[in-house]
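# Structure assessment
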Amino acid sequence: MRQSKVFGGGVLKQLTGVCVLLAFSLIVCLGATGVSLAAEQELSSPTNEAALGIGSALLTVIYFPVKFAYAILGGVVGTFTYGLTGGDLETAKAVWEPSFYGTYVITPDHLKGNEPVRFLGVSAYEDQAL
């Protein structure tokens, strides 16, 4: 009886991992097609705008929890880094900034290719230099 509970938990973890991988692949593929569609088609119709709005909302439902979990994990790892390096703030920032900054919400502009989706964030100070 106990083995079935362990087996079910393992299958659930594997299924969750596969879903996250598929969601990430979908985001990357839609981002690439959004760039090519934006280059080919400058016309915007209400139907296209509605589809982009719905698509961005659905992708955000999948993308946001993954990015948020990554940010939390980066915060924890950065805190350990800060402590283990004797309070070296620059080293801790090297962990915190890529995990905290970045895109949290997918917008229609991301799908059109007008704005990049940045899972690994860039500091606001670095972004101004670019």
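Just so you know, these numbers come straight off a predicted model, no measurement behind them. (Residues numbered from 1 in each chain as written. Predicted model: local features only at pLDDT ≥ 70, side-chain atom pairs only at ≥ 80, totals over all residues. Heavy atoms only, no water.)

### Quick look at the overall build of the chain
For the chain, the helix and strand inventory stands at 5 helices and 0 strands. Going from N to C terminus, the chain has its helices and strands arranged as α-α-α-α-α. Evaluated residue by residue, the chain yields a buried proportion of 19% over its 130 residues. Here the analysis covers contacts within the chain between residues at least 6 apart in sequence; of these, 60% occur between residues at least 24 apart. (Helix = DSSP H or I, 4+ residues; strand = E, 2+ residues; numbered from the N terminus. Buried < 20%, exposed > 50% of the residue type's maximum accessible area, 1.4 Å probe, protein only. Contact = heavy atoms within 4.5 Å.)

### Looking at the packing of aromatic side chains
The final tally for this structure, using the stated rule, is 5 aromatic pairs. With centroids separated by 5.0 Å and ring planes inclined at 40 degrees, the aromatic side chains of Tyr-70 and Phe-119 adopt a geometry described as tilted. Of this pair, Tyr-70 sits in helix α2 (residues 46-84) while Phe-119 sits in the loop between α4 (108-112) and α5 (124-129); the two residues are 49 residues apart in sequence, bridging distant segments of the chain. Through successive ring pairs, a cluster of aromatic residues spans Tyr-63, Tyr-70 and Phe-119. We note Lys-67 situated over the ring of Tyr-104; from NZ or CZ to the ring centre the distance is 5.3 Å. (Phe/Tyr/Trp six-rings, centres within 6.5 Å; stacked < 30°, edge-to-face > 60°. Lys NZ or Arg CZ within 6 Å of the ring centre and 35° of its normal.)

### Structural notes on the side chain of Ser-56
Structurally, Ser-56 can be placed in helix α2. Polar contacts involving the side chain of Ser-56 include one to the main-chain carbonyl oxygen of Gly-53, which spans 2.9 Å. Leave out the neighbours within four places in its chain, and Ser-56 touches Ile-106, Thr-107, Pro-108 and Leu-111. (Polar contact = N/O pair within 3.5 Å; in protein donor to acceptor, adjacent residues only side chain to side chain.)

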